[in-house]
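Given next are the chains, with one letter for each unit.
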Amino acid sequence: MKFSFTDEQTMFKDGLDRFLEKNCSISARRQMIESKEASSEHLWTGLASLGVLGVPMSESSGGFGGAGVEAMIVMQQLGKHLVLEPYIPSVILAGGLVDLCGTDFQKKVLIPELVAGEGKLAFAHTEQLNDEGDTPLSTTATQSGNKWVLNGEKKLILGGAATDRFIISAKTQESGQDSGVTLFIAESLDESITGKAYPLIDGSRVLDIQLNDLELGPESVLGTIGKGQGFIDCVYDRATAAVCAEALGVMEVVHEMTMDYLRTRRQFGSALSQFQVLQHRAVDMFINIEEVRSLVMNAAAKGWSDDPKERIRSVSAAKALTNRASRHVAQEAIQLHGGMGMTQELPLADYVRRLLSIDLMFGGERFQRQRFANADTQKVDGAAFVSPKKRWKQI
C-alpha cells in the first residue's frame, strides 16, 4: 500500500523542514547540552509561529484540529533535526490531557497559552525508573476540607526541567468509593515541589520531583475525580505513536549518513559502496526503515482512534518494531562507518544516542508485544470520557 500526504500536509512538512534546517544544528544542540539548557525559547517560539504547537489540539480547545498524521509529520521532522524541545511532554501528553478532559475554562486558559509558545506543560506520572506503564501509583491526594493535599515522588518527567505547570497523577478516594487516579494542575514554582534535573543518554533533560504536602484547590482538578486512568492511557498511546515517528526521522538521517560515507570512503581503489556485501547491509537498513514507516503511518492513523483496542494494537505493533529496527539500523551504521562510527567527530553519535533513548521510552519491545497480545482482554475504563463536574470552573 502506498501512503502519501495531502498537498496541505506536504506544504506544512516542507515549511517545518526549512525552518529547522535554518535554526537547528548539531553544534548548537551540543552547546545546549553542555550548558544544561532544557529548551531554547527562540526555537520554541518559532515552532509556535508556524502553528506546530497547536497541530494536535482540537479546534474547540483553541488548536488547529490536526490528529495523528499531522503529529507524525511534526515528530518525523523533529527527529531528523534532533530537536531538544519538549514537544511530546508538553503538547502530546500534558496538552492532550487538558484537551481531552479539561473544563472549558481550563482549556481557555492553558491551550491558547501553549499554542502561542508562551507556556509549557509537563506530565508527572512515572514513579519508578523501570516503569512501563503498568505499575500502581503510590502518590496520594487526600481531601482536607475543600482542598487536596498531594504527597509522593515522580521520576523521569519529560520536559519537566523547562515546564511552567505540571499535570500530576495521584491516587484518590472519595467516601464510599474505590480508589482511582485523578489528575491535578500545579504550578512548577510551588514551594511544596522540590526536585532535581539531569540529562539522559541523548542529552535531553528530565526531572525528578518530591511532593511535600502540596495543597491544591478543587479548581486544580483536571477531569473527573478517580477517572483519570482512561485519559492517561489515551495520551500515552498517542505519545508512543509520536515517538515512533521521531525514531523514523532519526533512522532516515542515520541511513543517509551511512550511504554518504560509503560513497565517499575508498578502500582498495574503490568506494565502499561498490562492495556487494556492504550494499546488502545498507539495503537491510533501508528495508527496516520502510517497515517502520508502514507501521508508524498505521499508528498515526489509529492512535487517535476512539476504539481503545484498535489503538493499542496499532501503537504497540509500531513501538515493538521501531525498537528492534532502530537497534539494527544504529548498529549497522556504526559497523559500516568503521572506527569513525564510535567517535564524537561525526553527528552519527548524537543520532544513535537518541535512538537508544527512544528504545527505553513508553515500554520496551517485550512489553509492547505482550500488550498487543492482550489487547482484546485489556480492561478499558469506559466511564472516563465524561464531562467533568460543573463546580470545577476556575484554574
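These figures come from a predicted structure and were not determined experimentally.

Peer 1: What exactly am I supposed to notice about the overall build of the protein here?
Peer 2: When helices and strands are counted, the protein shows 11 helices and 10 strands. Summarising its shape, the C-alpha atoms of the protein cover approximately 80 × 45 × 40 Å along the three principal directions. Within the span of the protein, comprising 395 residues, buried residues form 54% of the whole. Carbon and sulfur atoms make up 50% of the accessible area of the protein, which totals about 18,200 Å². In the protein, which carries 42 positive and 50 negative side-chain charges, the distance between the mean positions of the two groups comes to 3 Å.

Peer 1: Where do I start with the packing of helix H4 (residues 68–80) against helix H7 (residues 229–264) in this structure?
Peer 2: Helices that pack against each other are described as a pair by the angle of their axes relative to one another and the distance between those axes. Between H4 and H7, the least distance of the axes is 7 Å, while the angle of their chain directions is 40°. When the axis of H4 is compared with that of H7, the two are oblique. The chirality of how H4 crosses H7 is right-handed. The segment H4 lies against H7, with Met72, Met75, Gln76, Gly79 and Lys80 engaging Ala242, Ala245, Glu246, Leu248, Gly249, Val250, Glu252 and Val253. Partitioning the contact of H4 with H7 into residue classes produces 7 nonpolar, 3 polar and 3 charged.

Peer 1: I keep staring at the state of the cysteines and nothing clicks. Help me out?
Peer 2: Among covalent bonds in proteins, the disulfide is the one between the sulfur atoms of two cysteines. This model, assessed by the stated rule, comprises 0 disulfides. Left without a disulfide partner, Cys244 is nearest to the cysteine sulfur of Cys234, which lies 16 Å away. Cys244 sits in the buried class, given a relative accessible area of 0%.

Peer 1: Whenever I open this one, the environment of Ala300 confuses me. Can you help?
Peer 2: Looking at the secondary structure, you find Ala300 in helix H8 (residues 276–302). On a C-alpha basis, the gap between Ala300 and Arg369 in space is 18 Å, while along the polypeptide they are 69 residues apart.

Peer 1: How should I be thinking about the nonpolar core in this particular structure?
Peer 2: Within soluble globular proteins, side chains that are nonpolar generally end up buried alongside one another. Counting residues in hydrophobic clusters, the biggest one holds 86 residues, and the most contacted among them are Leu20, Tyr87, Ile88, Phe123 and Ile167. For this core, the element with the most residues is H7, which contributes 19 residues. The residues touching Tyr87, leaving out its near neighbours within four places in the chain, are Trp44, Val52, Leu53, Val55, Pro56, Val74, Met75, Leu78 and Ile92.

Peer 1: Help me understand the packing of helix H5 (residues 87–101) against H7 in this model?
Peer 2: Orientation of H5 relative to H7, taken along the N-to-C sense of each, is 150°, at an axis distance of 9 Å. As judged from the angle between their axes, H5 and H7 are roughly antiparallel. Taken as a pair, H5 and H7 cross one another with a handedness that is right-handed. Here Ile88, Ile92, Leu93, Gly96, Leu97, Leu100 and Cys101 of H5 come into contact with H7, specifically with Phe231, Ile232, Cys234, Val235, Tyr236, Arg238, Ala239, Ala242, Val243 and Glu246. The class makeup of the residues in the contact of H5 with H7 is 14 nonpolar, 1 polar and 2 charged.

Peer 1: Sorry if this is basic, but what is going on with the pattern of salt bridges here?
Peer 2: If charged atoms from side chains of opposite charge come close, those side chains can pair. Inspection of every chain in the model, using the stated rule, returns 21 salt bridges. When the shortest N-O distance is used, the salt bridge between Arg371 and Asp237 registers 2.9 Å. Of this pair, Arg371 sits in helix H11 (residues 365–373) while Asp237 sits in helix H7; the two residues are 134 residues apart in sequence, bridging distant segments of the chain. Just as Arg371 is buried, Asp237 falls in that class too. Members of the salt-bridge network, linked through shared partners, are Lys80, Glu252, Glu290 and Arg293.

Peer 1: Hey, could you run me through the pairing of strand S7 (residues 205–216) in this one?
Peer 2: The side chains of a regular strand alternate, first on one face of the sheet and then on the other. Strand direction decides the pairing type here: strand S3 (residues 147–158) and S7, joined by 8 bridges, are antiparallel. Paired with Gly152 across the two strands is Leu211, which belongs to S7. Two elements, strand S6 (residues 193–199) and S7, share 7 bridges in a ladder whose sense is antiparallel. Across the sheet, the residue bridging to Tyr198 is Val206, located in S7.

Peer 1: Please explain unusual backbone geometry as it appears in this structure.
Peer 2: The phi torsion of most residues other than glycine is negative, and most of the peptide bonds are trans. Unlike most non-glycine residues, Lys36 shows phi in positive territory, near 65°. For Lys36, the position within the fold is in the loop between helix H2 (26–34) and helix H3 (41–49). Look at Lys36 and you get exposed, because its relative accessible area is 59%. If you check the backbone angles, Phe362 has positive phi at about 60° while not being a glycine. Within the secondary structure layout, Phe362 lies in the loop between helix H10 (348–359) and H11. Owing to a relative accessible area of 13%, Phe362 belongs among the buried residues under this scheme.

Analysis parameters
Residues numbered from 1 in each chain as written. Predicted model: local features only at pLDDT ≥ 70, side-chain atom pairs only at ≥ 80, totals over all residues. Heavy atoms only, no water. Helix = DSSP H or I, 4+ residues; strand = E, 2+ residues; numbered from the N terminus. Buried < 20%, exposed > 50% of the residue type's maximum accessible area, 1.4 Å probe, protein only. Areas by Shrake-Rupley, 256 points an atom, 1.4 Å probe, with all protein chains shown as cover. Lys, Arg positive; Asp, Glu negative; His and termini not counted. Charge placed at Lys NZ, Arg CZ, Asp CG, Glu CD. Axes fitted to C-alpha atoms, helices over the stretch in contact; angles between N-to-C directions. Parallel < 35°, antiparallel > 145°, perpendicular 65-115°, else oblique. Left-handed = near helix turned anticlockwise from the far one by under 90°. Contact = heavy atoms within 4.5 Å. Nonpolar A, V, L, I, M, F, W, Y, C, P; charged D, E, K, R; others polar. Disulfide = S-S within 2.5 Å. Core = buried A, V, L, I, M, F, W, Y, C linked by side-chain atoms within 4.5 Å. Salt bridge = Lys/Arg side-chain N within 4 Å of Asp/Glu carboxyl O. Pairing = 2+ DSSP bridges.

Function cannot be read off these values alone, since they describe shape.
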